[in-house]
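# Descriptive analysis of the structure
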Amino acid sequence: MISSMITVNFTQLANRLDGHYGPEDLVLLERAFTFAQAAHEGQTRTTGEPYFTHPFAVALKLADLKLPSNVIAAGLLHDVPEDTERTVEDIAAEFGDDIASMVGAITKLGKVKYRGEERYIENLRKMFVAMAEDVRVVFIKFADRMHNMETLYALPEHKRLRIANEVLEIYAPIANRLGMGEYRGLFEDYSFKYLEPKDYSWTKHLLEERVKKFGPSLDRAMKHVSNELHRHSVGYVDIHGRVKHCYSLYRKLQKYKNDMSKVYDIVAMRVIVKDVTDCYAVLGILHGVYTPLPGRIKDYIAQPKPNGYQSLHTTVFDESGSILEFQIRTQAMHEESEYGVAAHWRYKQGATREERNVEWMEELARIQKELSTNDFMAHLNELKLDMFRDRIFVFTPKGDVIDLPEESTPIDMAYAIHTEIGNKVAQAKINGEIASLDRALKSGDMCELIIDKNRKMPNKDWLKFVKTRHAKSKIRSALHEAQRGLLSSLWGKMKR
Ligand code: MN
């Protein structure tokens, strides 16, 4: 098979790193490369390629995000504990605790699975953020999932659909919260392609038609604008065209009842400049050359969008009378809108772990503020910054996540799932081992509940250790019911 001939070498990764990485970064990355490649030796992916092509692709994506070298190293190592003989401890011994803790967190996150049950979505999203502990782990998981989406065709259909759903419900919204526009767009488009293939190809076709039709006039406009900026001595960093993502166009079209003429930003022109003053200068120059459409000038620099997005937008008539949207922004605003939180992490090789966690907590605070403007996860804004600190997330054997207060026991979990399960639970297995019913569960535990169908009522001793008010009240009312039943049957016997 030709694909199995695909080989990777360290130079490919080294070439993707820009001048911000030093020789010590290269040394670390080459060590991680060698370690991971050896650990995955002999394994193949469903695509037929050597397994190591996957962590390698993940590392390339992290390098493209220009993240610190220890994050890229963790990307190379991310599947080692799950799929090979080497453990997180081995990684700690070889690469230190920081890299090992990122790899450990990724391994845990891998257990979070969305299987289409509405009631667990919220828990999954919360858990994703809580278990990530620091945002670098989210970046690695995103790169991991992005590569999985790129090679999703190799999986059987039921798996493709499950994963596409999970990406649309969990990954894309979180990417959006983190301001990672590029990742969000790609996540949505890959999911869209597998979930709604017909609508996807229809939208994609529309986009291609539009690009074909407007390509030449875009090229003209690009030259024209470039000349005008020169003439006014306003420098620019870059001018480029951008095409709207498929899924985002599809949603917009749905809003406008499929009327393409109402969507002005299918193809847009981006002008990247060095500072805010130049942004407004460019806007003025553009309006001198082209006639702006009334009511279409948006100043997201003075008034950023809730997720922090900044740019000037204007829609104009170009020379040929067709409508064209311009987006004007600084380089920093551009990076922020494409890479969001990840943009803040660039070039910060020297930052200490403390500093990083402070930044992550600040991001969490920002995310929370944003959540309050959005209906999904809306109630989270009532919680404090340490919103997840007193919660634990426990798996069922099927991979569902149950959100419980700290110190909760298998009995609490049983009642959280269903009253009948609570009333009839006989035994619990935690991570595969029989455990007493009063054992405190920990985040990430997998807890299996064994039911005794013949059990009549809960044990009143459970009231001594259950943690949740919900379990307490359910136990009390079940005991009460049982007592009443007992009394009335006794009463019946006495009367007879
Ligand atoms: Mn992976």
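Conventions and cut-offs
- Residues numbered from 1 in each chain as written.
- Predicted model: local features only at pLDDT ≥ 70, side-chain atom pairs only at ≥ 80, totals over all residues.
- Heavy atoms only, no water.
- Helix = DSSP H or I, 4+ residues; strand = E, 2+ residues; numbered from the N terminus.
- Buried < 20%, exposed > 50% of the residue type's maximum accessible area, 1.4 Å probe, protein only.
- Contact = heavy atoms within 4.5 Å.
- Areas by Shrake-Rupley, 256 points an atom, 1.4 Å probe, with all protein chains shown as cover.
- Donors = N, O, S within 2.8 Å, 3.2 Å for Na, K, Ca; no water.
- Pairing = 2+ DSSP bridges.
- Axes fitted to C-alpha atoms, helices over the stretch in contact; angles between N-to-C directions.
- Phe/Tyr/Trp six-rings, centres within 6.5 Å; stacked < 30°, edge-to-face > 60°.
- pLDDT = per-residue confidence, 0-100.
- Salt bridge = Lys/Arg side-chain N within 4 Å of Asp/Glu carboxyl O.
- Core = buried A, V, L, I, M, F, W, Y, C linked by side-chain atoms within 4.5 Å.

## What to know about the overall build of the protein
- Counting secondary structure elements, the protein contains 20 helices and eleven strands.
- Put simply, the protein has 496 residues, and 48% of those count as buried.
- By sequence separation, contacts in the protein at least 24 residues apart represent 66% of the contacts at least 6 residues apart.
- Surface accessibility of the protein: about 24,400 Å² in total, with carbon and sulfur atoms responsible for 52%.

## Description of the environment of Pro405
- Examined against the element boundaries, Pro405 turns out to sit in strand β8 (residues 401-405).
- Linking Pro405 and Lys467, residues 62 residues apart in sequence, is a C-alpha distance of 7.5 Å.

## Some words on the coordination of the manganese ion
- Coordination of the manganese ion by the protein comes from His54 (NE2), His78 (NE2), Asp79 (OD) and Asp144 (OD), over a distance range of 2.2 to 2.3 Å.
- By relative accessible area, which is 12% here, Asp79 ends up buried.

## Observations regarding the sheet that holds strand β11 (residues 447-451)
- One open sheet holds the three strands; their spatial order is β10-β9-β11, and the pairing between them is antiparallel. Here the strands that pair on one side only, and so sit at the sheet edges, are β10 (433-435) and β11. The average angle at which neighbouring strand axes cross in this sheet is 35°, direction not considered.
- Bridging between strand β9 (residues 425-430) and β11 involves five bridges; their strand directions are antiparallel. If you follow Gln427 over to β11, its bridge partner there is Ile450.
- Across the face of the sheet, helix α18 (residues 410-417) comes into contact with β9 and β11 while running at roughly 75° to β11.

## Considerations on the packing of aromatic side chains
- Under the counting rule described, the total for this entry stands at 16 aromatic pairs.
- Ring centres of Phe33 and Phe56 lie 5.7 Å apart, and the angle between their planes is 80°; this geometry places the pair in the edge-to-face category. In this pair, Phe33 sits in helix α2 (residues 23-39) while Phe56 sits in helix α3 (residues 53-64), placing the two residues 23 residues apart along the sequence. Across the pair, Phe56 and Phe33 agree in class, each one buried.
- Measuring from ring centre to ring centre gives 6.0 Å for Tyr183 and Phe187, while their planes differ by 70°; the resulting arrangement is edge-to-face. Placement of both Tyr183 and Phe187 in helix α11 (residues 181-195) is noted, with a separation of four residues, approximately one turn of the helix.

## Thoughts on α18
- For α18, the tally of buried residues reaches seven of eight residues, placing the bulk of the element in the interior.
- Three or more residues of α18 are buried, namely Pro410, Ile411, Asp412, Met413, Ala414, Tyr415 and Ile417.

## Considering the confidence of the model for the protein
- Of the residues in the protein, 84% reach a pLDDT of 70 or more, and the chain-wide mean stands at 84.
- This model gives residues 349-357 a pLDDT under 50, and the stretch forms 17 contacts once residues within four places in sequence are excluded.
- Contacts of residues 371-388 to residues separated by more than four positions or lying in other chains number 32 contacts, the stretch itself having pLDDT below 50.

## Section: the pattern of salt bridges
- Scanning the model with the defined rule gives 21 salt bridges in all.
- The closest approach of N and O atoms between Arg16 and Asp64, which form a salt bridge, is 2.9 Å. Highlighted residues: Arg16 in helix α1 (residues 10-16) and Asp64 in helix α3, separated in sequence by 48 residues.
- The class of Arg16 is partly exposed, set by a relative accessible area of 40%.
- The partly exposed category is assigned to Asp64, whose relative accessible area is 37%.
- Where Asp144 meets Lys141, a salt bridge forms, and the shortest distance between an N and an O atom there is 3.1 Å. Of the two residues, Asp144 and Lys141 both sit in helix α9 (residues 135-150), three residues apart, roughly one turn of that helix.
- The buried category is assigned to Asp144, whose relative accessible area is 4%.

## Let's talk about the nonpolar core
- Judged by nonpolar contacts, the single largest core of 63 residues is most densely connected at Leu62, Leu77, Ile99 and Phe142.
- Broken down by element, the residue count for this core peaks at nine residues, all from α9.
- Among residues more than four places away in sequence, those in contact with Leu62 are Leu67, Val71, Ile72, Gly75, Phe139, Ile140 and Ala143.
- Listed in part, the 35 residues of the second largest apolar core include Tyr200, Ala221, Val225 and Val282.

## So, the pairing of β9
- Summarising the sheet, β9 and β10 pair through three bridges and their orientation is antiparallel. The partner of Lys429 across the bridge, within β10, is Ile434.
- Where β9 hands over to β10, the hairpin turn is made up of two residues, of which Asn431 adopts a positive phi near 50°.

## Re the environment of Arg231
- Tracing the backbone shows Arg231 in helix α12 (residues 197-231).
- For the pair Arg231 and Ile285, spaced 54 residues apart in sequence, the C-alpha to C-alpha distance is 10.0 Å.

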